[in-house]
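Structure assessment
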Amino acid sequence: MNAYLSYTIRRLVLTVPILWGVFTVTFILFFIVPGDPARLIMGQHRDPAMQAAMQKQWGLDQPKHVQYWGFLKKMVVLDFGRSFTTKREVTQSILQRLPATAVLGLPSLTLGLLLGVAAGLWSAMRANRAVDNTIRFVTFSLVSIPFFLLAICLQWLFGQHLRILPISGYINGPWGWLHLVLPVFAMTLGSFAGLTRLTRTAVLEVLTEDYIRTAKAKGLPELVVVVRHALRNAMIPLVTNLSVSVAGALTGAFFVEAVFAWPGIGLLAVDAINNRDFPVIMGTVMFGAVLFVIADIVGDLLTACVDPRVALK
Amino acid sequence: MSTQIPHAGPLLDVSGLTVDFRTLAGPVRAVHGVDLAVMPGEVVGLVGESGCGKTQTCLSISRLIHPSGRIGGRHILFEGTDLLQLGEREMRRLRGARISMVFQEPMSSLNPCLSIGEQLSEPLVLHQGMDWRQAGRHAAEMLGRVGIPEAKQRCREYPHQLSGGMRQRAMIAMALICRPKLLLADEPTTALDVTVQAQILALMLELREQTGAAVLLVTHNLGVVAQSCDRIYVMYAGQVVEEGTTAAIFGRPEHPYTRGLMRSVPRLRPPAGSPDRLESIPGTVPRLDTPLPGCRFHSRCAYAEPRCSSEPPEVRAVEPGHLSRCHFAGQLDHGGAPR
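Quick caveat, the model's predicted, so the values are computed rather than measured.

A count of helical and extended segments in chain A gives 13 helices and zero strands. Across the 313 residues that make up chain A, the buried fraction comes to 34%. Within chain A, contacts between residues separated by at least 24 positions form 73% of all contacts whose residues are at least 6 apart in sequence.

Here it is, written out as structure tokens:
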């Protein structure tokens, strides 16, 4: 356990330069991408004096390196400043939106993982037969369809055509969970498809290994061979790729929240990008980066748990 | 379903075994009518070069060939029961309990994610209904018997923490833990260091004495068979070309292929009159996806005559128990070099 703890601490220390890099790239991108936030807020009523005043208020008139250092210093204490458009504290906004995203992301990631591993396993056990071909066709279609298109199709089918589910929004109250169904479904489909394909490939590869033949030579039934001997080894690439799955879910959240008007961090980020709202962009990007890095560390720790050959150094 | 055979009969009696594979290039018959018998407690060698079908023969006895393959033939009698007629469930009951296997690569043949103890215990839990704790104790004891020191500690370790020789010892312990009647050993020493090879071979033979298991030893190493086998089958291109006691095969090889094999073994003191260079068999093994009229060895054979390319040779008994699949069996000149 001690090895795990010291490994985690060392990895967390290494996180600092990663986050600094993310900050720098985001900073540069913001100033490369055209569009002035002050100009966007004013819309059609352009007033150069007011534009200059706003830029001065936000510090956008200062030299770039001054802005860079000023922002970096404040970010160390998690202060991203206030949103250009809503004037609210960025950290506050993110924390306020966090539950909505969690309530969407955690169930869909869990469901996608369980269903994906089960379907992938089933597919691999029946490789090249009808079941496998069906699963492959469905999952391949799902990963090929753009996320937002899939979401819109679901809205049309369940909201417009069948009229059994609300198409968007977020409501507190006894029937509020109904609003959760479509976005969770959409996000689950996304992670399900990817994980099914990943599991199928991993299990099929493991099933050709010599130790599977050894297990069969012991007289073990097929299910025991697959679950005890194959799945455990096939899990290794899956947990190693945990950070990739989380990143995928995060990207999915951007689209899903935008399409379903779900008031989570994804929608916050999309709005911020549209408004060139630099503090909120930086806040949400850093939030995503931290999530990604944590998922990566957890994935590595899990890999060490599953695979006895991996030693944490 | 099963034909009862007299008690003194063979433990394993394979007759007319064929193994066919469907490949992208067309059907391939990897094993072409193999007859083979193993008596109780006997050590039988199955020798031949890579791709001659010896591994497929071995795997088809426990019906573990690749799913794309099909096993055919008259019968595979094991203790009087025809394995070709058994259902998968009955077959599983035999595997690991009455018939067990040792494979070539001790590194890849053990599951890297399960401890040695778990892997050794599995057959006991499955076939003898032990609980895991009880099985674990037996596993440690068995590991001690195959000469692994600190067996209890080793049981908790994983395959990558053991050396190649140790892993093969563990494999053998695993194969013999349910006291099987037949051990199918597919190149058990090939992947090991030469010094370890002799130890593993000695260990297998010692345990065979103790448990009374018969062994079918598949190898391409003539030294290994000479040391350990009572009888030998020589395979070439999916067929058994010569069969006999170890003494007969090494003393009077009656098939040109067996002779070629013997001559390609390097010797420290070559017999007088032999060439300076190590001999080899010219040519390559014929492709099995094309029809092979005549003798399968004729294109590489130093004794070949025109009839060899058109007329497939029958198996002939040169002396009782010594058979050769050659038109000129018993007429090959001994001692001198072929023309």
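Now, onward.
A separate point is the sheet that holds strand 8 (residues 182-186) of chain B. All names here are of chain B. With mixed pairing, the eight strands of this open sheet are ordered in space as 7-8-9-3-10-11-13-12. The sheet is open, and its two borders are formed by strand 7 (99-102) and strand 12 (316-319), each paired with just one other strand. Direction aside, neighbouring strands of the sheet carry axes that sit 20° apart on average. Where strand 7 meets strand 8, four bridges bridge the pair, whose relative direction is parallel. Each bridged residue has a counterpart across the sheet, and for V102 the counterpart in strand 8 is A185.

To continue, consider the interface of chain B and chain A. With 23 residues of chain B at the interface, the matching set in chain A holds 18 residues. Every element with two or more residues in the side of chain B that touches chain A is listed here: helix 2 (88-94), strand 7 and helix 3 (116-128) of chain B. Here the side of chain B that touches chain A gets four residues from one element, more than from any other, and that element is helix 3 of chain B. Considering only residue class, the side of chain B that touches chain A consists of ten nonpolar, eight polar and five charged.

All names here are of chain A. Domains assigned within chain A are domain 1 (2-76) and domain 2 (96-306). Once you take the C-alpha centre of each, domain 1 and domain 2 turn out to be 31 Å apart. Every contact between the two is made by 14 residues of domain 1 and, on the other side, 13 residues of domain 2. Looking at the side of domain 1 that touches domain 2, its residues break down into eight nonpolar, four polar and two charged.

What counts and how
Residues numbered from 1 in each chain as written. Chains lettered and ligands numbered in written order. Predicted model: local features only at pLDDT ≥ 70, side-chain atom pairs only at ≥ 80, totals over all residues. Helix = DSSP H or I, 4+ residues; strand = E, 2+ residues; numbered from the N terminus. Buried ≥ 20, exposed ≤ 12 C-beta atoms within 10 Å, placed from the backbone. Contact = placed C-beta atoms within 7 Å. Pairing = 2+ DSSP bridges. Axes fitted to C-alpha atoms, helices over the stretch in contact; angles between N-to-C directions. Nonpolar A, V, L, I, M, F, W, Y, C, P; charged D, E, K, R; others polar. Domains from an automatic or database assignment.

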